[in-house]
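The lines below spell out each chain.
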Amino acid sequence: PEHGSGSHELWQREPTAMADKRAWDIVVYGATGFTGRLVSQYLAKHAPSGMRIAIAGRSESKLLALRSTLDTSSDERVSPRTPEDIGVIVADALDEPRIRELARDTRVVIAAAGPFAKYGTPLARAAAHAGTHYADITGEAPWVRTVIDELHDTARSSGALLIPMSGFDSVPADLGAFFTVQQMRKRRGSGVRAIRAYARTRGGGMSGGTIASAVNMMSDAAASKTGADPLCMVPESLGRAADLAVAGGAAAGAPGTGAVMPLADRWWFDWREEVSAYAVPWPMEAVNTRCVRRSAALAAAAGSPWSGAGEPFAYTEWATTSRWQTAATSAIGGVVFRLLLGLPYATSLLAPLLPKPGTGPSDDAMAKASFEYTFVAEPSGRRSAAMPGAPSAGAAASSDSRPLTTKLRGAIDPYLATAVFVSQAALAMAADDAEALPGMVQGGGVLTPATALGDALLRRLQATGQFDFSVEGDETAA
């Protein structure tokens, strides 16, 4: 199995072509949920001419109502599309025979129905067995761990790409780290031993589905234990087990035994001069760090490690704020929320106070929202007091030891961004040149946005005009 095999030969197998004919190019499952509606609208408007799109879920009446509201007008297509051109597929998420039929009928499926630990496995399983490419919007790292264990080898055998975490969890972090590594190599001729990522969001809000998934995951003792492992999505041969890295929830770090360094999630805040802000723990840390670390481990397994020779790669992530009062309130609030979820009947007591699944931020709130990521990268071989457990400088050190700073700016709400991210991932996998995608060349499997799609997704996102990847203040010739 992938999680413990350590076999690099797996990455050299020839990809399996998807030669069979399918009724649909892309199916959006969970289309009537809050994010599913945004994904459906994006594809209705932006999918190329001739791309066969369908929406799916368990309620035919809701699907037909959604289809009637979709705006299919577009200046990007030669041939017009009408709402009636979009298919409607009725299937319950837990009806495995029907879900298998759905997976066999499409080339790519987008999963937008959570919590994924409750409803996501049948569709991911069906896609892996049918050779159907798959992308989802989950942020449930413990569930992704189960998908890796069960379906990685199956997906490789069928030639399918399975790409969990293809929404705001965790495309900005994963693709931003990938871009930063590329720029370090291009500008400095060096690998990256550590990236410290700082996120800032403005406006917007949270959907009921996001909160339901988080509560479901945090109230499950087994899932919480898995999620606490900083390397829970990393092949064991390329990292280090959680029980050797995590000490009482503190920010303990130990040199990794392989390609990736395990660093436990932080629970308190501190001042960071490199971004002139307080670094604050936030819920996305426990999601995005796992995804990025998997990308780094898989890149190492493919023979292209992000770090220098003999150095484990380290990635950490925080939110930022300029006010210590906000930082302290956020840190304390996170601790209190986790403690509350550990109490008996906490979920049922909190349910009436939380947004309902299917609801989310208003159009007005989303129109005013944006986000920004700052990535501070250290060249291979450079030691830093800011990164616990860092290895000493070695022969792989870059001649230029200055940190490299990159940014990803999104002039868009995170939920709207999720619709773009997962749709563009699906469009890349449905394109005529999909066999050339990095993940297909590597043989498929349960991958990450960076390792499955890489530059293909980066170019697609930049082409939308809504996302800007840039290098900040570096005078080194590119």
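Residues numbered from 1 in each chain as written. Predicted model: local features only at pLDDT ≥ 70, side-chain atom pairs only at ≥ 80, totals over all residues. Heavy atoms only, no water.

Some details on the overall build of the chain
Each helix and strand in the chain was counted, giving 18 helices and 14 strands. For the chain, buried positions account for 54% of its 478 residues. Excluding contacts between residues fewer than 6 apart, the proportion of contacts in the chain whose partners are at least 24 apart in sequence is 81%. Carbon and sulfur atoms provide 55% of the accessible area of the chain, an area that totals close to 19,200 Å². (Helix = DSSP H or I, 4+ residues; strand = E, 2+ residues; numbered from the N terminus. Buried < 20%, exposed > 50% of the residue type's maximum accessible area, 1.4 Å probe, protein only. Contact = heavy atoms within 4.5 Å. Areas by Shrake-Rupley, 256 points an atom, 1.4 Å probe, with all protein chains shown as cover.)

Considering a nonpolar patch on the surface
Taken together, the side chains of W267, W268, I332, V335, V336 and L339 present a nonpolar region at the surface, about 580 Å² in accessible area. Here W268 shows up in the loop between α10 (221-228) and β8 (270-272). (Patch = residues over 30% accessible without salt bridge, like charges linked within 9 Å, V, L, I, M, F, W, Y side chains within 5 Å. Salt bridge = Lys/Arg side-chain N within 4 Å of Asp/Glu carboxyl O.)

Looking at the sheet that holds strand β9 (residues 277-280)
Reading across from one edge, β8-β9-β10-β7-β11-β12-β14 is the order of the seven strands in this open sheet, with mixed pairing throughout. Edge positions in the sheet fall to β8 and β14 (467-472), since each has one partner strand and no second. Direction aside, the axes of adjacent strands within the sheet are offset by 30° on average. The strands that helix α11 (residues 285-301) touches are β10 (314-321) and β11 (370-379); relative to β10, the one it contacts most, it runs at about 150°. (Pairing = 2+ DSSP bridges. Axes fitted to C-alpha atoms, helices over the stretch in contact; angles between N-to-C directions.)

Observations concerning the packing of aromatic side chains
Enumeration according to the criterion identifies 13 aromatic pairs in this entry. Consider the rings of W271 and Y278, whose centres lie 4.9 Å apart with planes at 75°: the pair is edge-to-face. Seen from their ring centres, Y373 and F375 are 5.5 Å apart, and the 15° between their planes marks the pair as stacked. Residue F375 is classed as buried on the basis of its relative accessible area, which comes to 0%. Taken together, W267, W268, F269, W271 and Y278 form an aromatic cluster joined through their ring pairs. (Phe/Tyr/Trp six-rings, centres within 6.5 Å; stacked < 30°, edge-to-face > 60°.)

Regarding helix α4 (residues 96-104)
Every buried residue of α4 is listed here: I99, L102 and A103. For α4, the buried positions fall inside an angular range of 95° around the axis, keeping them on one side. In this fold, the buried residues of α4 make contact with β1 (24-29), β2 (53-57), β3 (87-90), β4 (106-111) and α6 (121-130). (Arc of directions from axis to C-beta.)

Details of the confidence of the model for the chain
When pLDDT is averaged along the chain, the result is 83; 79% of the residues meet or exceed 70. In the predicted structure, residues 1-19 sits below a pLDDT of 50 and forms 51 contacts with residues beyond four places in sequence or in another chain. (pLDDT = per-residue confidence, 0-100.)

Observations concerning the sheet that holds β3
The sheet built from seven strands is open, its strands ordered β3-β2-β1-β4-β5-β6-β13 with parallel pairing. Both edges of this open sheet fall to β3 and β13 (445-446), since each of them pairs with a single strand only. The pairing of strand β5 (residues 133-136) with strand β6 (residues 161-163) spans two bridges and is classified as parallel. Bridging across to β6, Y134 finds its partner in L162. In the packing of helix α15 (residues 414-430) onto the sheet, the strands contacted are β1, β4, β5 and β6, and the crossing angle to β4 comes to about 165°.

Focus: the nonpolar core
Generally speaking, soluble globular proteins have nonpolar side chains that are buried together. Counting 121 residues, the largest nonpolar core has I26, Y134, Y373 and F467 as its most contacted members. No other element matches α15, which puts 12 residues into this core. Ignoring any residue separated from it by four or fewer positions in sequence, one finds Y373 in contact with F168, P172, A173, A197, Y198, A199, W282, N288, E317, T406, K407 and L408. Core analysis: the next-biggest nonpolar cluster, separate from the first, contains six residues, F269, Y278, V280 and A328 among them. (Core = buried A, V, L, I, M, F, W, Y, C linked by side-chain atoms within 4.5 Å.)

Let's talk about the layout of surface pockets
Empty space within the second largest pocket amounts to approximately 220 Å³. Every residue lining the second largest pocket is counted, 14 residues in all, and those nearest its centre are E274, V275, E372, T374 and K407. Going through the elements one at a time, β7 (192-202), β11 and β12 (404-410) are the ones with two or more residues in the lining of the second largest pocket. For the lining of the second largest pocket, the class distribution of residues is five nonpolar, four polar and five charged. (1 Å grid on protein atoms, 1.4 Å probe; cavity = no way out; pocket = protein on both sides within 12 Å on 5 of 7 lines; lining within 4 Å. Points joined across faces, edges and corners; volume = space filled by probe spheres on them. Nonpolar A, V, L, I, M, F, W, Y, C, P; charged D, E, K, R; others polar.)

Here we look at the pairing of β5
Here β5 shows no split at all, with H133 and A135 on one side and Y134 and D136 on the other all buried. Where β4 lies against β5, four bridges are found, and the strand directions are parallel. Of the residues in β5, the one forming a bridge with A111 is D136. For the handedness criterion, the β-α-β arrangement of β5, helix α7 (residues 141-158) and β6 is classed as right-handed. (Right-handed = clockwise from strand over helix to strand, strands pointing away.)

A closer look at the environment of G443
Within the secondary structure, G443 is located in the loop between α16 (438-441) and β13. Its relative accessible area of 6% is what places G443 among the buried residues. Considered as a pair, G443 and D153 are 290 residues apart in the sequence and their alpha carbons are 10.0 Å apart.

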